[in-house]
Amino acid sequence: MKREEVMVPETEIARQRDFQEKIKAMFAARGAHPRACVETFGCQQNVADGQRIMGMLEACGFAFTEDAGEADLALLNTCAIREHAEQRVFGNLGILTHSKKENPEQVVVLCGCMAQEARVAERVRESYRHVDLVFGPQALWRFPELLWRVYETGKRVFSTDDEHGAIAEGLPVVRERGVKAWVSIMYGCNNFCSYCIVPYVRGRERSREPAAVLAEVRELVEAGYRDITLLGQNVNSYGNDLDTGYHFPDLLEDIDQIPGDYWVRFMSSHPKDATPRLFDVMAACGHVAKQLHLPFQSGNNRVLGEMNRRYTREKYLELIRYARAAMPGLVLTSDVIIGFPGETEAEAMDTVSLVEEVGFDALFTFLFSPRPGTKAAELPDPAPREDKQAWFDKLLEVQNGRSARIHAGYVGKTLRVLVDGESGDGEYPLSSRTEGNRLVRLKGDRSLVGRFLEVRVTGSNTWALYGEPV
Ligand code: SAM
Ligand code: SF4
Ligand code: F3S
């Protein structure tokens with residue numbers, strides 16, 4: 001698609017603002033003070049989308065509540081990555097039948113990745129008749145118009161066409177107060193890993209203009225955000241669709257020029273597109289956190305091939321060696337899938353041995369979940385669930401031991417952390433993060449939130465460090 005077709009024109013964004021005004025005026029005419037309950041599932045990209053959705057709702061005159069029962073509008077921003085995520089959403093949708101019975105005026109909205117699946121939209125159309133509006137991620141920027149249509153016609157609205165997807169700049173946003181902020185630098189995915197639903201529900205890869213990303217990061221830094229995460233399904237292919245020769249390392253270098261006291265990190269990185277230049281640029285840029293989330297998924301080359309990941313175990317290990325040489329002390333995390341269809345015990349143990357060999361700081365581990373419509377969901381899958389669970393448990397045992405040992409090695413050391421909030425723990429009431437994004441629970445009072453501090457680590461377990469300011 002041509003660039004001008006990908007960018008939503010300013011006139012369209014202005015039209016959406018008009019719909020926001022119409023909805024606001026409608027409530028004002030009734031003397032109503034509407035409240036919305038927004039619940040987001042899934043990854044950070046979805047969280048960032050949820051903040052835009054809240055921005056649009058706020059512009060429509062809504063305040064927010066966490067109680068769906070008392071909300072005039074209840075919205076579920078969903079995730080389709082595994083079956084369990086979908087089941088949770090259907091459970092929540094079921095609960096909303098009750099609130100709608102008590103308040104028939106309530107508008108129920110289903111959006112996000114699940115809403116983009118034809119199979120889900122059909123099921124909602126037939127069996128969840130209390131849902132008024134369904135739209136997928138590609139229609140997000142048209143939310144005010146779709147919502148107006150629901151209010152105007154009183155009919156159900158479905159906007160779930162399979163679309164390439166666009167880029168809409170200038171949507172309002174409600175961010176979490178605090179020190180952390182998310183910035184989507186690109187949308188969609190072109191990789192079609194054989195197990196994954198994301199390319200089907202989020203459309204094709206499209207990169208925001210560097211100037212738009214830079215302006216947003218600058219604004220966030222000036223507003224006091226201290227920990228900024230750049231988001232994309234594969235940030236390493238940022239810029240490929242811009243055709244200007246400008247790529248992710250260039251963006252990092254330009255962001256690094258923005259003055260201020262802050263860290264910038266990013267996720268996710270696909271190993272097939274990670275380059276030595278990326279690691280050199282990370283090493284050279286003072287604001288770029290020395291932390292890398294580089295999902296490897298499997299340590300076995302046959303399985304990697306079946307997954308359509310387009311790198312080998314050896315290539316992955318080489319990348320890690322280079323990255324560590326460029327950035328000693330680099331904090332490394334990854335995603336792994338156990339139980340891909342046809343995976344044998346020996347192949348799963350190749351994954352375990354890769355984990356042992358690399359020594360990740362933390363791992364996000366998943367049991368394969370078949371997603372209808374993906375290639376892997378069609379493959380024969382002979383291994384019994386109990387076997388996969390045993391391989392999975394083995395992987396966890398190895399990783400948890402490793403995480404605990406790495407954490408124990410920090411006790412007695414002094415680290416720089418950013419205090420990012422309260423922890424709810426009486427003895428260690430503050431939560432903070434190191435540059436490598438490790439959690440450090442801290443002694444101290446809440447006036448320290450938002451500050452960079454030197455802390456001495458006094459204790460540790462598998463998941464966190466404990467410490468006190470020095
Ligand atoms: N784009 C990111 C990448 O390629 O690294 C990953 C995005 S996905 C939201 C996060 C993780 O979910 C993946 O890295 C993978 O480990 C896991 N995942 C995706 N599809 C899955 C499936 N069908 N079953 C189990 N885990 C899955
Ligand atoms: Fe899914 Fe692969 Fe795209 Fe990541 S790169 S979102 S795992 S298809
Ligand atoms: Fe994220 Fe789930 Fe969609 S992980 S991209 S919200 S399928």
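Let me sum up the structure you'll find in this document. (Residues numbered from 1 in each chain as written. Chains lettered and ligands numbered in written order. Predicted model: local features only at pLDDT ≥ 70, side-chain atom pairs only at ≥ 80, totals over all residues. Heavy atoms only, no water.)

## Here's the deal with the pairing of strand 4 (residues 107-112)
Inclusion rule: For every residue, the accessible area (1.4 Å probe, protein chains only) is compared with the maximum for its type, and the residue is labelled buried under 20%, exposed over 50%, or partly exposed between those bounds. What counts as a helix is a DSSP run of H or I of at least four residues, what counts as a strand is a run of E of at least two, and both are numbered from the N terminus. At least two bridges found by DSSP between two strands are what make those strands a pair.
Burial analysis of strand 4 places six of its six residues in the buried class, the great majority of the element. Both faces of strand 4 are covered, namely the face carrying V107, V109 and C111 and the face carrying V108, L110 and G112. The pairing of strand 3 (residues 73-78) with strand 4 spans six bridges and is classified as parallel. In the sheet register, N77 faces strand 4, and the bridge partner there is C111.

## Some remarks on the site of ligand 3
Operational definition: When we say a residue is near a molecule or strand, we mean one of its heavy atoms is within 4 Å of it. Gly is placed with the polar residues, together with every amino acid not listed as nonpolar (Ala, Val, Leu, Ile, Met, Phe, Trp, Tyr, Cys and Pro) or charged (Asp, Glu, Lys and Arg).
Around ligand 3, the surrounding shell consists of C43, N46, C79, A80, I81, C113, V198, R202 and Q233. The residue makeup of the shell around ligand 3, split by class, is six nonpolar, two polar and one charged.

## What to know about the packing of helix 12 (residues 313-326) against helix 13 (residues 345-358)
Test applied: Angles shown run from 0 to 180 degrees and are taken between the N-to-C directions of axes, each axis being a line fitted to C-alpha atoms and, for helices, limited to the stretch in contact. Angles below 35 degrees are treated as roughly parallel, those above 145 as roughly antiparallel, those between 65 and 115 as roughly perpendicular, and all remaining angles as oblique. Less than a right angle of anticlockwise turn of the near helix away from the far helix marks a crossing as left-handed, whereas a clockwise turn marks it as right-handed. Contact definition: two residues touch when any of their heavy atoms are within 4.5 Å.
Axis separation between helix 12 and helix 13 bottoms out at 12 Å; the angle between their running directions is 15°. The angle between the axes of helix 12 and helix 13 places the two elements in the roughly parallel class. The element helix 12 and its partner helix 13 pack so that their crossing is right-handed. Across the interface between the two elements, R313, Y316, L317, I320 and R324 of helix 12 pack against D350, S353, L354, E357 and V358 of helix 13. Taken together, the residues of the contact of helix 12 with helix 13 sort by class into five nonpolar, one polar and four charged.

## Some thoughts on empty space enclosed by the protein
Empty pockets left among the atoms are what a rolling probe the size of a water molecule brings to light. This is how the line gets drawn: For each structure, a 1 Å grid was placed over the protein atoms alone; sets of points admitting a 1.4 Å probe that cannot get out are labelled cavities, open sets with protein on both sides within 12 Å along at least five of seven lines are labelled pockets, and lining residues have an atom within 4 Å of a point. Grid points are joined across faces, edges and corners, and a volume is the space filled by probe spheres set on the points.
Applying the stated criterion across every chain yields a total of one cavity of 30 Å³ or more. Size it by volume and the largest cavity reaches roughly 30 Å³. I13, Q16, R17, Q20, M56, G170, L171 and P172 are the residues that line the largest cavity. In terms of residues, the lining of the largest cavity owes the most to one element, helix 2 (residues 10-30), which gives four residues. Here the lining of the largest cavity is built from residues that sort into four nonpolar, three polar and one charged.

## Notes on the side chain of N191
Here is the rule we go by: What qualifies as a polar contact is a pair of N or O atoms within 3.5 Å, subject to a donor-acceptor requirement within protein and to the restriction that residues adjacent in sequence count only when both atoms come from side chains.
Inspection of the secondary structure puts N191 in the loop between strand 8 (186-187) and helix 7 (198-202). A polar contact of 3.0 Å, which involves the side chain of N191, links it to the side chain of K272. Residues in contact with N191, not counting those within four places in the same chain, are E205, N234, H270, K272, N308 and R310.

## Things to note about the site of ligand 1
Put simply, the rule reads: Note that accessible areas follow from Shrake-Rupley with a 1.4 Å probe, and for residues the cover is restricted to the protein chains shown.
The immediate surroundings of ligand 1 are formed by 15 residues, with Q233, P295, Q297, D335 and S369 found nearest. With respect to ligand 1, the side chain of Q297 contributes an N or O atom lying 2.7 Å from an oxygen atom. The side chain of R309 places a nitrogen or oxygen atom 3.3 Å from an oxygen atom of ligand 1. Relative to its unbound accessible surface of 570 Å², ligand 1 loses 91% to contact with the protein. When contributions to the shell around ligand 1 are tallied by element, the ones reaching two or more residues are strand 13 (331-338) and strand 14 (362-367).

## Description of the side chain of S99
With respect to the helices and strands, the residue S99 is situated in helix 4 (residues 83-102). A polar contact is formed between the side chain of S99 and the backbone oxygen of L96, at a distance of 3.1 Å. A polar contact of 2.9 Å, which involves the side chain of S99, links it to the side chain of Q106.

## A few points about the packing of aromatic side chains
We count it as follows: Planes of paired rings set the category: under 30 degrees apart is stacked, over 60 is edge-to-face and the rest tilted, where pairs are Phe, Tyr or Trp rings (Trp by its six-membered ring) whose centres lie within 6.5 Å.
Scanning the model with the defined rule gives 15 aromatic pairs in all. Ring geometry for Y238 and Y246: centres 6.5 Å apart, planes at 70°, overall edge-to-face. Just as Y238 is buried, Y246 falls in that class too. Aromatic pair Y316 and F360: ring centres 6.5 Å apart, planes at 45°, arrangement tilted. With Y316 in helix 12 and F360 in the loop between helix 13 and strand 14, this pair connects stretches of sequence that are 44 residues apart.

## A few points about unusual backbone geometry
Backbone torsion omega between M267 and S268 reads -5°, so that peptide bond is classified as cis. Mapped onto the secondary structure, S268 falls in the loop between strand 11 (263-267) and helix 10 (276-284). The phi dihedral of D243 is positive, around 55°, even though this residue is not glycine. In this structure, D243 sits in the loop between strand 10 (227-231) and helix 9 (248-256).

## Let's talk about helix 6 (residues 143-153)
For helix 6, the buried fraction is high: eight of the 11 residues fall into the buried class. Those residues of helix 6 that fall on the buried side of the exposure criterion are F143, P144, E145, L146, L147, W148, V150 and Y151. On its buried face, helix 6 sits against helix 2, helix 3 (44-59), strand 3, strand 4, strand 5 (133-135) and strand 6 (157-159). Among the residues trailing helix 6, G154 stands out with phi positive, at a value near 70°.

## Quick notes on the layout of surface pockets
Roughly 520 Å³ of internal volume is contained in the second largest pocket. Lining the second largest pocket are 30 residues, with R52, A168, L171, Y187 and R208 sitting closest to its centre. Contributions of two or more residues to the lining of the second largest pocket are made by helix 3, strand 7 (180-184) and helix 8 (210-222). Sort the elements by how many residues they give to the lining of the second largest pocket and helix 8 lands first, with five residues. Partitioning the lining of the second largest pocket into residue classes produces 15 nonpolar, six polar and nine charged.

## Some points on the pairing of strand 10
Residues in a regular strand point their side chains to alternate faces of the sheet. Counting buried residues along strand 10, five of its five residues qualify, which places the element largely inside the surrounding structure. Direction of pairing for strand 10 relative to strand 11: parallel, over a ladder of five bridges. The residue bridging L230 from the neighbouring strand is F266, located in strand 11.

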